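A closer look at the structure
Here's the letter readout for the chains.
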Amino acid sequence: SPSPSKSSEEFSELCHYVVVRADLPRGLQAAQVVHAAGESSPGNLPSGTHAVVLTVPGPVEMEALARRLAQAGVAHVRIEEPDPPWDGALLAIGLVPGRKEAFRRHLSSLPLLR
């Protein structure tokens, strides 16, 4: 007999997180969020995937988060802006989508983008 298809409940905890710097102008934040989401997604995500945008205060916290994610083996993409005045600064991070539980300890202290 054919294997049962996965129910939407099984996908309900799949999350796609992006972290952006809170100190950036709103328009630049938006561009970096889109860039980070696109770069970190494998595409064809299930319709029940949750998209979550979090913030860190500035460059020091963003670099610290990137180091923690790398040390923990969490798959992510660094979005660095090559143009002045940013000159290679890390502005956003896109995490490869996964189960919410896998990210909780790394992201739970970060506020949502408002």
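All of the points below concern the structure found in this document. (Residues numbered from 1 in each chain as written. Predicted model: local features only at pLDDT ≥ 70, side-chain atom pairs only at ≥ 80, totals over all residues. Heavy atoms only, no water.)

Peptide bonds are trans in most cases, and residues, glycine excluded, mostly fall at negative phi. Each neighbour pair has its own omega, and for Pro-84 with Pro-85 the value is 5°, a cis peptide bond. Residue placement: Pro-85 occurs in the loop between β3 (76–81) and β4 (89–95). With phi around 50°, Asn-44 is a residue other than glycine that occupies positive phi space. Positionally, Asn-44 belongs in the loop between α2 (26–40) and β2 (50–56). One non-glycine residue, Asp-87, adopts positive backbone phi at about 45°. As for its position among the elements, Asp-87 is in the loop between β3 and β4. Classification of Asp-87 by relative accessible area gives exposed; the value is 55%. (Helix = DSSP H or I, 4+ residues; strand = E, 2+ residues; numbered from the N terminus. Buried < 20%, exposed > 50% of the residue type's maximum accessible area, 1.4 Å probe, protein only.)

In this structure, Tyr-17, Val-19, Leu-65, Ile-93, Leu-95 and Leu-107 are the most contacted members of the largest nonpolar core, which totals 17 residues. Secondary-structure elements contributing two or more residues to this core are β1 (14–21), β2, α3 (59–72), β4 and α4 (100–107). Per-element tally for this core: the top contributor is α3, with four residues. Excluding residues within four positions of it along the chain, Ile-93 makes contact with Tyr-17, Val-18, Val-19, Ala-36, Met-62, Leu-65, Ala-66, Leu-69, His-76 and Val-77. Judged by nonpolar contacts, the second largest core, of ten residues, contains Val-20, Val-33, Ala-36 and Ile-79. (Core = buried A, V, L, I, M, F, W, Y, C linked by side-chain atoms within 4.5 Å. Contact = heavy atoms within 4.5 Å.)

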